[in-house]
Amino acid sequence: MWSIIGMISLVDLFLALWLLDPNHMEEFRINEKNPVVIELVKLTGDMSLFICCKVLGTILAIFFGKKIFNYSEKWGLTVTGGVLAFQLWLLYYLMYGG
């Protein structure tokens, strides 16, 4: 489960870097649906802060999911299953446009 979460996050990051151009903020605001990403890009003028936050957030989600699983398999599977369900929905949204 953790590897699937990481791979979907990697696909999301790749698509953002490939398809979004922060040099054209009006178009960027139209194409990017996440307001947090828009604010991170506005802060730096490029994708650097977004990339750092995305990678760090993914690592932390996987790390804490694993820690919870080590403490209690039931809760670990519940929490990680929820994150996985969201990531699978995100992958569907990215591939088929919602």
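Residues numbered from 1 in each chain as written. Predicted model: local features only at pLDDT ≥ 70, side-chain atom pairs only at ≥ 80, totals over all residues. Heavy atoms only, no water.

Caption draft 1: Structural detail: the packing of helix H1 (residues 2-19) against helix H5 (residues 73-96). As a packed pair, H1 and H5 sit with axes 9 Å apart at the nearest point and diverge in direction by 35°. Crossing angle aside, the handedness with which H1 passes H5 is left-handed. Facing Trp2, Ile4, Ile5, Ile8, Ser9, Val11, Asp12 and Leu15 of H1, the residues of H5 in contact are Thr80, Val83, Leu84, Gln87, Leu88, Leu90, Leu91, Leu94 and Met95. (Axes fitted to C-alpha atoms, helices over the stretch in contact; angles between N-to-C directions. Helix = DSSP H or I, 4+ residues; strand = E, 2+ residues; numbered from the N terminus. Left-handed = near helix turned anticlockwise from the far one by under 90°. Contact = heavy atoms within 4.5 Å.)

Caption draft 2: Highlighting the side chain of Ser9. Among the structural elements, Ser9 can be located in helix H1. When its relative accessible area of 4% is taken as the criterion, Ser9 is described as buried. Among all residues touching Ser9, those that are not within four sequence positions of it are Lys54, Thr58 and Gln87. (Buried < 20%, exposed > 50% of the residue type's maximum accessible area, 1.4 Å probe, protein only.)

Caption draft 3: The arrangement of H5 in detail. For H5, built from 24 residues, the straight-helix expectation of 34 Å at 1.5 Å per residue is met to within 8% by its first-to-last C-alpha distance of 33 Å. Among the residues of H5, those classed as buried are Gly76, Thr80, Leu84, Gln87 and Leu90. On its buried face, H5 sits against H1 and helix H4 (48-71). In the stretch just after H5, Gly97 is the one whose phi turns positive, near 75°. (Expected span 1.5 Å × (residues − 1).)

Caption draft 4: Molecular detail of the nonpolar core. By size, the foremost hydrophobic cluster in this structure holds 11 residues: Leu13, Ala16, Leu20, Met25, Phe28, Val37, Ile38, Leu40, Val41, Met47 and Phe50. The set of elements that each furnish at least two residues to this core consists of H1, helix H2 (25-31) and helix H3 (35-44). Looking at which element gives the most residues to this core, the answer is H3, with 4 residues. Setting aside anything within four residues of it in sequence, one finds Val41 in contact with Pro22, Met25, Phe28, Asp46 and Met47. (Core = buried A, V, L, I, M, F, W, Y, C linked by side-chain atoms within 4.5 Å.)

Caption draft 5: Structural view of the packing of aromatic side chains. Within the structure shown, the criterion is met by 6 aromatic pairs. Between Phe14 and Trp18 the ring centres are 5.8 Å apart and the planes differ by 25°, which places this aromatic pair in the stacked class. Residue Phe14 and its partner Trp18 are both found in helix H1; the two are separated by 4 residues, about one turn of the helix. With relative accessibility at 59%, the residue Trp18 sits in the exposed group. Judged by centre distance (5.5 Å) and plane angle (25°), the rings of Trp89 and Tyr93 are stacked. Taken together, the positions of Trp89 and Tyr93, both in helix H5 and 4 residues apart, correspond to about one turn of that helix. Judged by relative accessible area, which is 47%, Trp89 ranks as partly exposed. One aromatic cluster is present, formed by Phe86, Trp89 and Tyr93 through successive ring pairs. (Phe/Tyr/Trp six-rings, centres within 6.5 Å; stacked < 30°, edge-to-face > 60°.)

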